[in-house]
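Chain and residue survey
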Amino acid sequence: MTDRYPFTPVPLGFSYSALEPWIDAKTVEVHYTKHYQGYIDKLNGILKKRPELQSKSLKELLCVAERLPCPLKTDILHNAGGVYNHAFYFSMLTPECKAPDGALICEIERRFGSLGALREEMVEAAGELFGSGYVWLLTDSCGRLSICCIANQDTNIPTGKQKLLAIDVWEHAYYLKYLNRRNEYAGNIFHILNWRKAEALYNEARQCRN
Ligand code: MN
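My aim in this report is to walk through the structure given alongside it, one point at a time.

For the rest of this paragraph, the subject is helix α1 (residues 25-48). Its 24 residues give α1 an end-to-end C-alpha distance of 33 Å, which sits within 8% of 34 Å, the value for a rise of 1.5 Å per residue. Within the sequence span of α1, burial applies to Thr27, Val28, His31, Tyr32, Tyr36, Gly38, Tyr39, Ile40, Leu43, Asn44, Ile46 and Leu47. Against the buried residues of α1 lie α2 (58-65), α3 (72-91), β3 (161-168) and α6 (175-178).

A cluster of acidic side chains, namely Glu120, Glu121, Glu124 and Glu128, defines a negative patch on the protein surface. Mapped onto the elements of the fold, glutamate 128 is located in helix α5 (residues 115-128). Residue glutamate 128 is classed as exposed on the basis of its relative accessible area of 60%.

We now examine the packing of aromatic side chains. Evaluation of the coordinates by the stated rule reveals 9 aromatic pairs. With centroids separated by 5.6 Å and ring planes inclined at 65°, the aromatic side chains of tyrosine 32 and tyrosine 36 adopt a geometry described as edge-to-face. Placement of the pair is tyrosine 32 and tyrosine 36 together in helix α1, with a separation of 4 residues, close to one helical turn. Residue classification places tyrosine 32 among the buried positions, given a relative accessible area of 12%. Between phenylalanine 88 and tryptophan 136, the aromatic rings sit 5.1 Å apart at their centres with planes inclined by 70°, giving edge-to-face as the arrangement. Of this pair, phenylalanine 88 sits in helix α3 while tryptophan 136 sits in strand β1 (residues 133-140), placing them 48 residues apart in sequence. We classify tryptophan 136 as buried; its relative accessible area is 0%. Aromatic rings pair up to connect Tyr32, Tyr36, Tyr89 and Phe90 into one cluster. Above the face of the tryptophan 136 ring, lysine 163 is positioned so that its terminal group lies 4.6 Å from the ring centre. The cationic tip of lysine 177 hangs over the ring face of tyrosine 178; the distance from NZ or CZ to the ring centre is 5.7 Å.

Rules used in this analysis
Residues numbered from 1 in each chain as written. Predicted model: local features only at pLDDT ≥ 70, side-chain atom pairs only at ≥ 80, totals over all residues. Heavy atoms only, no water. Helix = DSSP H or I, 4+ residues; strand = E, 2+ residues; numbered from the N terminus. Expected span 1.5 Å × (residues − 1). Buried < 20%, exposed > 50% of the residue type's maximum accessible area, 1.4 Å probe, protein only. Contact = heavy atoms within 4.5 Å. Patch = residues over 30% accessible without salt bridge, like charges linked within 9 Å, V, L, I, M, F, W, Y side chains within 5 Å. Areas by Shrake-Rupley, 256 points an atom, 1.4 Å probe, with all protein chains shown as cover. Salt bridge = Lys/Arg side-chain N within 4 Å of Asp/Glu carboxyl O. Lys, Arg positive; Asp, Glu negative; His and termini not counted. Charge placed at Lys NZ, Arg CZ, Asp CG, Glu CD. Phe/Tyr/Trp six-rings, centres within 6.5 Å; stacked < 30°, edge-to-face > 60°. Lys NZ or Arg CZ within 6 Å of the ring centre and 35° of its normal.

Nothing here speaks to function; it is all geometry.
Structure (structure tokens):
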């Protein structure tokens, strides 16, 4: 993945079928090569005509877009958001899921009671999210965890928080296999989460002292 124009996708790191039976091969393929790639193509298409924005990173684009006129503002926010959120989502999936460890599991147990209880709360949040969006597990700089739903491809989270995990709950993420059973998909994601990466993000975030 490049973090400048022209943007390219994060490597998947596993085959399309590697997440079965939790997510089927066709869904992973279409999600990665059509939906995620679609946001990348649209963002690159916008930037092709805007040389002054081509040196910006994804995060910088999301920031400067706020000050641009519409429709350029919304075009960049939607597509750069789609690129950012999909890169995060795909990078946090793995066929070799190992349970969370260290400080992160301690805090999960303190805050939610157990990993299973965290799962239940994230599944409930997925079910309650109206329309499309993502369910995020966040931490603040003191290591306190929280769950947050963000609609569509928005990327803004409460100030002072950092992202640890994402569940994409757009229908394209699950509909071929799960049809309307979003909760079942959200629960099964816990079989394929990359907790090693979540732990690294957690430890990094906790070391930040503002
Ligand atoms: Mn998606």
